[in-house]
Each structure stands twice: as structure tokens, then as C-alpha cells.
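The chain contents come next:
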Amino acid sequence: MESNLNHIFELQYALDTFYFLICGALVMWMAAGFSMLEAGLVRAKNTTEILTKNVSLFAVACTMYLIVGYDIMYGGGLFLSGVTTVAQMDDEAIAGVLAASNEAGFGEMGEYAGASDFFFQVVFVATAMSIVSGAVAERMKLWAFLAFAVVMCGFIYPMQGAWTWNGDAVFGLYELSYSDYAGSGIVHMAGASAALAGVILLGARKGKYGAKGQINAFPGANLPLATLGTFILWMGWFGFNGGSTLKLGGIGVANEVANVFLNTNAAAAGGLIGALIVARIMFGKADLTMALNGALAGLVAITAEPADPSPLLATIIGAIGGIIVVFSIVTLDKMRIDDPVGAISVHGVVGIWGIFAVLLSDADATFMGQLIGMLTIFVWVFVTSLIVWGILKAVMGIRVTEEEEYEGVDLSECGMEAYPEFVSSK
């Protein structure tokens, strides 16, 4: 009997570890989605720099989270020195895990390699930082951005992550009944809060807003690329939400994973349709960029609770997110908050909606718990980011010169153009 239990445990351990790694790989692929989306929505003269930012921030996020971020968030030790796998446990430790699993019921308790948990968590950090990239595009210094990424990924994000997803951490928000399944607030609103702080100190792009209040459109250079990026993000989101079950073994968990995938897709579709219809009513045209942001808004909205809603409710939650994002983008423009890709609206404003949409299907969640959780994350990330951005602005400057902005940051920051064979107006 004990031998059979060992075999069952080993099988579940392998299955859960493999599932974690596959979902992490899907989320890692979202880095490509952010890169393509942002490269498509900025002007041609800023394409190389936005791509450089995205690939570099991913490397910085992985390194800083490896060095110290994971330790702050989950206590894995510097450079993961304390991360343990079953293969490294002695027989007594393994027996203890088996006993606990048997008590909880196989299929109810997930066990997986510690390194797989790190890999899954680190790509979430990179996602949060990618949100910042698009919002500050076309006028921020590359090295100032990467310096901020060091602090964001090594300290700011892990601290609020420890308060929310690590139940053993001091001031854990789950003690306040804060519920955030895959991170509408912890990942998406956190990234948008950091972006908002940077945009406020950075200021708008030259010529974006006129002296008489007019708003000038700066069309993206490559809408096919932006559409490809959206589809990549859509696909990666199945790993983002699906992997957040933290395990796969067991009939109940397998059914939950299936519901998460179904609802994630339904919300994205609802978000796109909602945004497309509202844009048609407001602008008289089918606005592709609003449709793309609507799909992403639907995904952000369902991320806080993708398991419990019915497919119809998931579609409605996503559709409301898509409607909200259109009005948010227009409103932020009127407030002269210049966000070239709509990241603050998609991930921040809709992230807040996602946090409170949990109340529609999770009976254990409370309004005060969600409110306190949301405010804690926003205040922490926004204030600390504002301080870091302010220090960087004073020490090294965060904005390129007016001439460099006019010529395009591709040349001033990277020394090469993405489309050198094309001649375009500045």
C-alpha cells in the first residue's frame, strides 16, 4: 500500500511540475506578445527602442527576481539557495509530505519542484514590468527605464506580492479576504500603477496635446504586428490563468482548469466585442486598436477570478471590461495623461474592475477585503514608483531631449532603425 502511495505521489508530483513549467512557458511567450503589440502601436522611428526595452526588461526581471525578488516574496533564499525539491529531501521529509498529501487527499494537494514555482512566478514579474514599457514609450531614456526595472522587479513587486499571494507574510491580504486568483490587481494593476507614476513625471509626447485642448493622434506604424501581439497575449493568458490553479492532478482540479480556460477565452471575446461596438457608436468606425485593447481588457478583467463564473458571466465581465477601456482611454487623453498603447487603461482601470468583479461569483470574497487589497497594492506601488522615478529624474534624467524625440529614439538610444529602407515623415 505504501509503495502504491509513493508511486501515486511521484506521478502527481511529475504531472504538477510539468504543468507548471508548460504554463510558465506560455506566460513567457506573452513577452513576445507585448513586444509585438507595442512595436505595432508606436511610430516607426521608435520601434527598435521599444523592442530593446521589452527583451531587456525580461532579462532584468528574471535576474532580479532570481537574486532577491523571490526571496522577498516567498522566502526562497538569495539566488534560490533555499528552494528544495523532492529529490533533495531525505526519506523522513518525503514521508512527511506523503502523510500530509494522504490526509488532504490525493488530487487536492499540489506538490511540485520548487524551481518550477520560481519559473512560473518570474514570468509574472516580467509581465508587470512589460506594462510599464508601453505607457512610457517614445520619450523615455532606455537606461533610466532599465534602472527602474531593477527596483520594480527586485523590490516593489515582490513586496506587494508577499502581502497578497504569500499567506505566511506579515500583513497578508488574504487575512482581509482579498481574493485575486491570477493577478488582476497583484500583476496588472501593479504594473499600471508603476506606469502611471512614470507617465506623470515624464510628461506627454511633444505635439500630443495642443494649447487649445486639442488631442492629436499619433497612429501606430504596424497594425498587423499589433494584432499578432494581441493574439499571442490571448494565447499566453491560458497559461497565466490556467497555471494559477498551481496544480493539475485530480478530477476536481482538472475540471477547474478547464473552466479557467473556457472563461478566459470567453472574457477576451466579450471584451473585444464590447469595445468594438462602443467604438463604432462613439467614433462612427470600427477602431482596430480599441478592439485589440478590448480583448486585452476582457482578459485582465477575468484574471482575478476565472474559475468560478459561468461562461455567460465571464463573457459579461469581459464585455464590461472592453466597454470600460474605451471610455478610460478617451478620458485619460482628456486629462493629458499620454499613454501610447493604452496600458494604464487596460491593466489599471480594468484591473480594478476585475478585482471587484470577483464579488459576482466568489461567495467568500468581501467588498471591504477587495477594496483594502486594491488600495494597498495601488498606494504601495504608485508611491514607491513615484519616489524611484523621481530619484532617477534627478540623478540621470528620464526623458530624451526634444531633438532626440523628434528624430526618434531608435537612433538616439539604439543607433539603428527598425525599417531603414523606408522613408517616413517625422
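In the annotation of an unreviewed UniProt entry, the entry for the protein reads Ammonium transporter, and the organism field reads Marinobacter vulgaris. What UniProt states about the protein under its Subcellular location (unreviewed entry) heading is, verbatim, "Membrane". Per UniProt, the protein has the following entry under Sequence similarities (unreviewed entry): "Belongs to the ammonia transporter channel (TC 1.A.11.2) family."

Time to look at the overall build of the protein. Looking only at helices and strands, the protein features 14 helices and zero strands. When its helices and strands are written in sequence order, the protein yields α-α-α-α-α-α-α-α-α-α-α-α-α-α. Taken over C-alpha atoms, the radius of gyration comes to 22 Å for the protein, in line with the 22 Å a tight globule of 426 residues would show. Overall size of the protein, expressed as C-alpha extent along the three principal axes, is 75 × 45 × 45 Å.

Let us now look at helix α4 (residues 114–135). Between its first and last C-alpha atoms α4 spans 34 Å; for 22 residues at 1.5 Å apiece the expected length is 32 Å, and the two agree. In terms of residue burial, α4 counts as a mostly covered element, since 20 of its 22 residues are buried.

This brings us to the nonpolar core. Among the nonpolar cores identified, the biggest contains 110 residues, and Phe124, Met129, Phe148 and Tyr157 are the most heavily contacted of them. Looking at this core element by element, the count peaks at 12 residues for α4. With sequence-adjacent residues up to four places away left out, Tyr157 is seen in contact with Met73, Phe124, Val125, Ala128, Met152, Trp165, Ile186 and Val187. Ranked by size, the runner-up nonpolar core spans five residues in total, among them Ala39, Val42, Ile50 and Leu225.

The next subject is the state of the cysteines. Throughout the structure, instances matching the rule amount to zero disulfides. In this model Cys62 remains outside any disulfide bridge; the closest cysteine sulfur is found in Cys153, 8.7 Å from its own. Cys414 carries a free sulfur, and the closest cysteine sulfur to it, the one in Cys153, is 19 Å from it.

What follows deals with a nonpolar patch on the surface. A cluster of nonpolar residues, Trp143, Leu375, Val379, Val383, Ile387, Ile391, Val395 and Met396, forms a patch on the protein surface that exposes about 780 Å² of accessible area. Broken down by element, the residue count for the nonpolar patch peaks at six residues, all from helix α12 (residues 367–395). With respect to the element layout, Ile391 can be found in helix α12.

Our focus in this paragraph is unusual backbone geometry. Backbone geometry places Phe79, a non-glycine residue, at a positive phi of 55 degrees. Inspection of the secondary structure puts Phe79 in the loop between α2 (47–74) and α3 (91–104). Relative accessible area serves as the criterion here: at 56%, Phe79 is assigned to the exposed category. Positive phi values are uncommon outside glycine, yet Leu80 reaches one of about 60 degrees. Position of Leu80 relative to the elements: it lies in the loop between α2 and α3.

Our next topic: the packing of helix α8 (residues 251–283) against helix α9 (residues 288–303). One way to put it is that α8 packs onto α9 with a least axis distance of 7 Å and a crossing angle of 140 degrees. The angle between the axes of α8 and α9 places the two elements in the oblique class. Viewed along their axes, α8 and α9 form a crossing whose handedness is right-handed. Touching Asn263, Thr264, Ala267, Ala268, Gly271, Leu272, Ala275, Leu276, Ala279 and Phe283 of α8 are Met290, Ala291, Gly294, Ala295, Gly298, Leu299 and Ile302, all from α9. When the residues that make up the contact of α8 with α9 are grouped by side-chain class, the tally is 12 nonpolar, five polar and no charged.

If you trace the backbone, Ala266 turns up in helix α8. Given a relative accessible area of 14%, Ala266 falls into the buried group. Ignoring sequence-local partners within four residues, the contact set of Ala266 consists of Pro311, Ala314 and Thr315.

Turning our eyes to something else, we now look at the packing of aromatic side chains. Centre distance and the angle of the planes are the two values used to describe a pair of aromatic rings. In this structure the tally under the stated criterion is 17 aromatic pairs. Plain terms: the ring middles of Phe231 and Trp234 are 6.0 Å apart, the flat faces sit at 15 degrees to each other, and that makes the pair stacked. In this pair, Phe231 and Trp234 both sit in helix α7 (residues 223–242), three residues apart, roughly one turn of the helix. Positioned above the aromatic ring of Tyr406, the side-chain terminus of Lys45 is 5.5 Å from the ring centre. The ring of Phe218 is capped by Lys208, whose NZ or CZ atom sits 5.6 Å from the centre of that ring.

Look at α9: 23 Å from first C-alpha to last across 16 residues, which is about the 22 Å you get at 1.5 Å a residue. For α9, the tally of buried residues reaches 14 of 16 residues, placing the bulk of the element in the interior.

As a further point, take the side chain of Thr127. Positionally, Thr127 belongs in helix α4. Judged by its relative accessible area of 3%, Thr127 is buried. When neighbours within four sequence positions are excluded, Thr127 is seen to be in contact with Val27, Phe34, Val187, His188 and Phe240.

A few words now on the environment of Asp364. Here Asp364 is to be found in the loop between α11 (343–357) and α12. Judged by relative accessible area, which is 65%, Asp364 ranks as exposed. Put simply, Asp364 and Phe378 are 14 residues apart on the chain and 23 Å apart in space, counted from C-alpha to C-alpha.

Viewed as axis vectors pointing N to C, α7 and α8 meet at an angle of 140 degrees, and their least axial separation amounts to 9 Å. The orientation of α7 with respect to α8, classified from their angle, is oblique. In the packing of α7 onto α8, the handedness of the crossing is right-handed. Across the interface between the two elements, Trp234, Trp237, Phe238, Asn241 and Gly242 of α7 pack against Val257, Val260, Phe261, Thr264, Asn265, Ala268, Ala269 and Leu272 of α8. Class assignment of the residues belonging to the contact of α7 with α8 gives a composition of nine nonpolar, four polar and no charged.

Conventions used here
Residues numbered from 1 in each chain as written. Predicted model: local features only at pLDDT ≥ 70, side-chain atom pairs only at ≥ 80, totals over all residues. Heavy atoms only, no water. UniProt positions renumbered as here; feature names shortened; annotations may be inferred. Helix = DSSP H or I, 4+ residues; strand = E, 2+ residues; numbered from the N terminus. Rg over C-alpha atoms; globule rule 2.2 N^0.38 Å. Expected span 1.5 Å × (residues − 1). Buried < 20%, exposed > 50% of the residue type's maximum accessible area, 1.4 Å probe, protein only. Core = buried A, V, L, I, M, F, W, Y, C linked by side-chain atoms within 4.5 Å. Contact = heavy atoms within 4.5 Å. Disulfide = S-S within 2.5 Å. Patch = residues over 30% accessible without salt bridge, like charges linked within 9 Å, V, L, I, M, F, W, Y side chains within 5 Å. Areas by Shrake-Rupley, 256 points an atom, 1.4 Å probe, with all protein chains shown as cover. Salt bridge = Lys/Arg side-chain N within 4 Å of Asp/Glu carboxyl O. Axes fitted to C-alpha atoms, helices over the stretch in contact; angles between N-to-C directions. Parallel < 35°, antiparallel > 145°, perpendicular 65-115°, else oblique. Left-handed = near helix turned anticlockwise from the far one by under 90°. Nonpolar A, V, L, I, M, F, W, Y, C, P; charged D, E, K, R; others polar. Phe/Tyr/Trp six-rings, centres within 6.5 Å; stacked < 30°, edge-to-face > 60°. Lys NZ or Arg CZ within 6 Å of the ring centre and 35° of its normal.

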